[in-house]
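For reference, the chains in residue letters:
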Amino acid sequence: MSDADELDEAIALANSGRIRQDPPPAPRLKRIRRIQWSADGAEDPDSGGVPGSAADPGGARATTGEAGRGAVPGGAHPSEGAAAGGGRPGDGGHGPAGHPGNASADGDRQPTGTGTGTGTGTGTAEGTGGDSHGRGRPRQHPQDPNGAAARQPAVPWSEAVALASSAATALPRETVPLAHALGRTLAAPLRALTDLPPFDTSAMDGWAVSGPGPWEPARAADGTERPGLLAGARAEPPQLADGEAVRIATGARVPSGTSAVLRREAAQHTGARVRTATPPQPGTDIRPRGQECRTGDELLPTGAAVTPAVLGLAAAAGYDDLATVPRPRAEVLVLGDELLHRGLPRDGRIRDALGPMIEPWLTALGAEVTVTRLLGDDAEALHEALAGSTADVLVTTGSTAAGPLDHLRPTLRRLDARLLVHGVRVRPGHPMLLAALAPEDRQSTGGQPRHRFLVGLPGNPLAALSGLVTLAGPLLRALAGRAAPELREATLGAEVSGHPHDTRLVPVRCEGSGLRARIRPLRYAGPAMLRGVASCDTLAVVPPGGGAPGTDVPVLDLPW
């Protein structure tokens, strides 16, 4: 287990109140094969060296966060490697018991299962890690599209959110029938096309009365009692004279001359008179024309989400169609040959936890997910999927590093993609990335370029969810034309351990109400764990160094 893994696990254990026993010392390596990596991530089989020799001045020290995919024996010291190779702590590389875990500050590919990893990768100070087969992993990243070999620094969490929010503009507007507008965003203010209500209506069943009473039922020309007034009657009702009353139903048009509506339960119809013990005040139970709005009033602003209530309001205000911003189309690509999609984990493979979870999470964030594809570790299949997709946003799971089985970054280079976010200073989930696809991959609508984006999520489940709320959520809001909500704050009810340098997103539960309301961290909040977030109320944004009881911290509401 690398220092970064131990740090993340120690933080989770500290928040849960449990104590972890010290692991037994790892055996020392007498010799380790040194592997050179080319710019495209290919292994150079001719290279070699002895740790600590002139050919390998860094020794068998792993850059912090550069743990490999499997357990490699050896007394690796990632913190020393970080000092020599410029690395930084990585996310906990956790897999099921008996399955190799991995972690990487540079975004090393991580399995999408849950559990606790068992191994620590080792490598040279230049950044060579180890995987379960003894193969090295590169520390350096592939060159960016501009040809710069140096790695872009990870950005603070708040800056990553701002970058994702500003990366895109709203999709082109479309006018659609009300039946197809649910989940979209208003592309123009919703203005009333009529007064609401459009005429004076009765709010209750009873009698429309004129004057203080008692009242005589209104009569037709032949002397019979006038029929009651019903909702939907097309003919305008005759005027009421002072002292007259007529039966009326809820929603019926109130005849002119009416001073109030007397509720049926309060009326006493005896003989030729209608009486009441409590005469109604003028205007009682009458909904006057324009009470809710007048023609031309702005009911909702541009950018409002079209909910079922908005559809009802639009229909009442006279709309058949709405000008909207469509829901961004999204595709999910699940990467990793180690994943099983049915049954129990077996033969060194683990269940895919992200495939069933990412699609509904994106839907809750406002996306229209067209497909979830299971690609494994196939570079050509990944290139074909990215190059041929017409989605506005592609979301991948895992493969965000630069190892031999991590094909995402080389594929993005082949597509001339531009990296917008190259790692985030947040735990879990720091290897996440955001890229804009090249102009030739954009779809044109009405002569305007339709920009397309890729959100690369780490493979560990909670780390992937961190990427969803940090990058995918803000990006989807921007594409949908919605404003970012203001973060609310909540008070910590218990101490929350923090990372020395990075923000932490911690599943918490709300307790109490009013001035006594507090949030408390949940157990099982490691990068590979879902048990905590499955039962949490919200995510606390904990600053570097942690938070003491009574401290107010921002919280991220879940999208449901």
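Scroll up for the structure.
Residues numbered from 1 in each chain as written. Predicted model: local features only at pLDDT ≥ 70, side-chain atom pairs only at ≥ 80, totals over all residues. Heavy atoms only, no water.

J.: Any chance you could break down the overall build of the protein chain for me, citing the residues and the numbers?
T.: When its secondary structure is counted, the protein chain shows 9 helices and 34 strands. Sequence-distant contacts in the protein chain: of pairs separated by 6 or more residues, those separated by 24 or more amount to 71%. If you sum the accessible surface of the protein chain, you get close to 24,800 Å²; carbon and sulfur atoms cover 51% of it. (Helix = DSSP H or I, 4+ residues; strand = E, 2+ residues; numbered from the N terminus. Contact = heavy atoms within 4.5 Å. Areas by Shrake-Rupley, 256 points an atom, 1.4 Å probe, with all protein chains shown as cover.)

J.: Summarise the sheet that holds strand 12 (residues 244–248); cite the residues concerned and give the values.
T.: Spatially, the 4 strands line up as an open sheet ordered 11-12-10-13, and their pairing is mixed. Looking at the sheet topology across the chains shown, the edges are occupied by strand 11 (216–217) and strand 13 (260–263). Alignment of strand 10 (residues 206–209) against strand 12, held across 4 bridges, turns out to be antiparallel. For Val-209, the partnering residue across the bridge sits in strand 12 and is Ala-245. (Pairing = 2+ DSSP bridges.)

J.: Please provide a residue-by-residue account of helix 8 (residues 461–480), values included.
T.: The periodicity of an α-helix, 3.6 residues per turn, causes residues three or four places apart in sequence to face the same way. Most pronounced at Leu-468, the bend in helix 8 amounts to some 35°. Of all the 20 residues making up helix 8, 19 are buried; the element is thus mostly covered by neighbouring parts of the structure. Positive phi appears at Gly-481, one or two residues downstream of helix 8, with a value of about 75°. (Bend = angle between axes of the 7 residues up to and from the residue. Buried < 20%, exposed > 50% of the residue type's maximum accessible area, 1.4 Å probe, protein only.)

J.: Describe the packing of aromatic side chains, with residues and values.
T.: In total, this model carries 1 aromatic pair according to the counting rule given. In this structure, Arg-253 packs its charged tip against the face of Phe-199, placed 5.2 Å from the ring centre. If you follow Arg-531 out to its NZ or CZ, it ends over the ring of Tyr-524, 4.0 Å from the centre. (Phe/Tyr/Trp six-rings, centres within 6.5 Å; stacked < 30°, edge-to-face > 60°. Lys NZ or Arg CZ within 6 Å of the ring centre and 35° of its normal.)

J.: Quick one: what's the story with the pairing of strand 12, residue by residue and with numbers?
T.: Moving residue by residue along a regular strand, the side chains alternate between the two faces of the sheet. Bridging between strand 11 and strand 12 involves 2 bridges; their strand directions are parallel. Across the sheet, residue Glu-216 finds its bridge partner in strand 12, namely Glu-244.

J.: How would you summarise the environment of Cys-510 if you had to cite specific residues and measurements?
T.: Along the chain, the position of Cys-510 falls in strand 31 (residues 503–511). Linking Cys-510 and Leu-492, residues 18 residues apart in sequence, is a C-alpha distance of 9.5 Å. Leaving out residues up to four positions away in the same chain, Cys-510 has contacts with Arg-518, Ile-519, Asp-537 and Thr-538.

J.: Requested: an account of the sheet that holds strand 6 (residues 174–177), with residues and values cited.
T.: Spatial strand order, 6-18-7: 3 strands in an open sheet with antiparallel pairing. Here the strands that pair on one side only, and so sit at the sheet edges, are strand 6 and strand 7 (185–186). The pairing of strand 6 with strand 18 (residues 321–325) spans 4 bridges and is antiparallel. In the strand pairing of strand 18, Val-176 is matched with Leu-322.

J.: Residues and numbers for helix 3 (residues 157–166), please.
T.: Within the span of helix 3, buried status applies to Trp-157, Ala-160, Val-161 and Ala-164. Viewed end-on, helix 3 has its buried residues packed into an arc of 100°, placing them on one side of the element. Among the exposed residues of helix 3, those pointing more than 90 degrees away from its buried face are Ser-158 and Ser-166. (Arc of directions from axis to C-beta.)

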